[in-house]
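Each chain is listed here by its residues.
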Amino acid sequence: MKKFITLTIVACLSSISLTAQNKATKQADKHFNRLEFVDAAEDYLKLVENGKADGYVYGQLAECYYNIFNTVEAERWYAKALETSQDPEMVYNYSQMLKANGKYAESNEWMDKFASMRPGDDRATAFRKNPDYLPKILGKGKKFNVQPIEVNSPQSDFGGTLKNGKFYITSARNDSRKTYGWNGEPFLDIYEYTVLDDGTFAAERLMGKKINTPYHEGLVSFSPDGNTMYFSRESYFDNLYVKDSLSRNKEDVLNLYRSSKLSDGWSDVEPLPFNSKRYSVKNPSVSSDGKTLYFASNMKGGYGQFDIYKVAINDDGSFGDPVNLGQKVNTEGQEMFPYISDNGTLYFSSNGQLGLGGMDVFFTKEIDGKMAPIRNVGVPLNSNADDFAFRIDETSGKGFVSSNRDGGMGSDDVYAIMKLEPLCDVLITANVTDAKTGNPLSGASVSLLDEQGNTISTKMTNSDGIAEFIVECETDTKLEVTMDEYESTMMDVSGTNEEEVIVDVSLDPIEVIIAEDMVELNPIYFDFDKSNITAKAAFELDKLVQIMTKYPDMVISANSHTDSRGSDAYNQRLSERRAKTTVQYVISKGIDASRISGEGKGESELKVNCTNCTDEEHQMNRRSEFIIVSGNPNS
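Cut-offs used in this document
Residues numbered from 1 in each chain as written. Predicted model: local features only at pLDDT ≥ 70, side-chain atom pairs only at ≥ 80, totals over all residues. Heavy atoms only, no water. Helix = DSSP H or I, 4+ residues; strand = E, 2+ residues; numbered from the N terminus. Rg over C-alpha atoms; globule rule 2.2 N^0.38 Å. Buried < 20%, exposed > 50% of the residue type's maximum accessible area, 1.4 Å probe, protein only. Contact = heavy atoms within 4.5 Å. Lys, Arg positive; Asp, Glu negative; His and termini not counted. Charge placed at Lys NZ, Arg CZ, Asp CG, Glu CD. Pairing = 2+ DSSP bridges. Axes fitted to C-alpha atoms, helices over the stretch in contact; angles between N-to-C directions. Disulfide = S-S within 2.5 Å.

A. Local environment of the overall build of the protein. Tallying secondary structure elements over the protein gives 13 helices and 35 strands in all. Whereas a compact globule of 635 residues would reach a radius of gyration of roughly 26 Å, the protein reaches 33 Å, over 25% beyond that. Projected onto the principal axes, the alpha-carbon positions of the protein cover approximately 105 × 60 × 40 Å. Every one of the 635 residues in the protein was classed for burial, and the buried ones make up 52%. Put simply, 56% of the contacts in the protein that link residues at least 6 apart link residues at least 24 apart. On the protein, the mean spot of the 67 positive side-chain charges and the mean spot of the 96 negative ones are 6 Å from each other.

In structure tokens, the structure reads:
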């Protein structure tokens, strides 16, 4: 999707060897500066065939093919150009083309070289921090089903916006338009379809002249009620352009416009106030409350070639000042095609964040004024080509993405998507060690529990003492860790948006809970007025079972105490029931009945004497104690 993506950065990309222009390259350079990359490539190839090529020509050829996403030819000519050039941006582009062609190991070698040449570049920093990012992206699993839709044509089609029973795409299928020198296809127009009951699209309609012009129109976005449409348009139509001082070529940009829905169509369009003839403003996305507009721009003061911005839409229809989303989202590369979903998740496409090749779709969310970690949505939604113009209904999980991946009908195609699994997930890594030695514990059982204490998954730690789990973002969980000869433990893991949470678990040898005259467990909690063993109680009693199994001569008396609420007689009966169920649980785990007895103490031995007791004081009184009658190994 190179023609619309990099429309205004060709001068930057082609600055690699401008001093090498000469009379022989004049015609080819003229086509290149006019963004006529197909014709330019033909002219540069003639120079190669006639033996007049040099590093400049090879670099220009590579740039031509890069801009029309012919990755095989771009890779070929970048390799030739880099025989005599060490330009960092060319090195970066070459690594991206290698990656787009599935040559991941070679791509990483050149990314490493780029990182050495530009260590302060965000793209280099991200690579250095996570050089093995590709297996992580590829190993995430299939989060989406991706299928091409029936309205694609042999030309470029992209977008995919649903609103009030209508479906909108941008397409180069209008053969009555002039062709665009970039790729030889007609200029882009906006098309509308009717959505039928079965979800298919019918009644294709080229939107009217108030919206479409002889020049490019781009993606659309709507206000929540659907009565205001925002879209991008090439600035030539409004005579907004800058003349290049050397070539005298007119250099246009992309600007944003809005139109209001009328009874008979759409109103005359209105340019947005932050448009300019000196930079592009494009790819609109309106928030679900209609109060914020997100867009991409290469305006001055950004971090890279294109950055993502947001701007407030005021109640009277005016706008605030555009705000750059910052360096966590934006890189020295291109961040474009923002989409803010109805739950506040921001999706965007980037070739600067770590991806699979070309532009990948990423997502993040603003939480307490800060952006959450940037995540790649993974395969198959992302490919080694350009993947962009992502849209999704978070409730249904249905949406669209556009791509120029292999197997499509045209140069760009629209794909229907269906979310199969939660997109945002967190890797919980349990690192289990011996509390005394610090050595990793292999073979420990680690269970992931939900908030209600239900077991979701259980894994054994590996030789490094590691067990890993994947959970959905912002999900509170617990880890229960047990191992023979060690005291079991349970830890709360708070939900987060971070990509990984490392939980360090140090297990004490089981002997630490053996005191002078008793086995010291954490409180055995019973529900109020109940005597059945709960999951929390079982977790603690299992420690007692483990101790008694290890020391077969140990004999225990389980004493159960209540708080002072209720009559003495009632509390005595309640404590006796609790003592009996405690004993029965231990016996059920294989401990001989002769080795454990139970006694209900009622409220006869309060730990805290209080009149108006607090809940905490009542809890301290409502306890179980495990007295060692005989067989204490510490005696």
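Text resumes after the structure shown.
B. Examining the sheet that holds strand S30 (residues 489-493) more closely. If you trace the 4 strands from one edge of the open sheet to the other, you get S27-S26-S29-S30, paired in antiparallel fashion. Bordering the open sheet on either side are strand S27 (455-460) and S30, each of which pairs with just one other strand. On average, each strand axis in the sheet is tilted by 20 degrees relative to the strand beside it, whichever way the strands run.

C. Geometry of the environment of Tyr 180. Tracing the chain through its elements places Tyr 180 in the loop between strand S3 (166-171) and strand S4 (189-195). Since its relative accessible area comes to 7%, Tyr 180 is described here as buried. Tyr 180 sits 145 residues away from Leu 35 along the chain, and the two C-alpha atoms are 8.8 Å apart.

D. How the structure looks around the state of the cysteines. This model, assessed by the stated rule, comprises 2 disulfides. Between Cys 424 and Cys 473 runs a disulfide, and the two sulfur atoms are separated by 1.8 Å. For the disulfide bridge between Cys 424 and Cys 473, the dihedral angle about the S-S bond is near -70 degrees, and by the sign convention the bridge is left-handed. Of this pair, Cys 424 sits in the loop between strand S24 (413-419) and strand S25 (425-434) while Cys 473 sits in the loop between strand S28 (466-472) and strand S29 (477-482); the two residues are 49 residues apart in sequence, bridging distant segments of the chain. For the pair Cys 424 and Cys 473, a shared accessibility class is recorded, and that class is buried. Note that Cys 610 is cross-linked by a disulfide to Cys 613, the S-S spacing being 1.7 Å. The S-S bond linking Cys 610 to Cys 613 shows a torsion near 100 degrees; that makes this disulfide right-handed. A residue is classified by how much of its surface remains accessible, and Cys 610, at 23% relative accessible area, is partly exposed.

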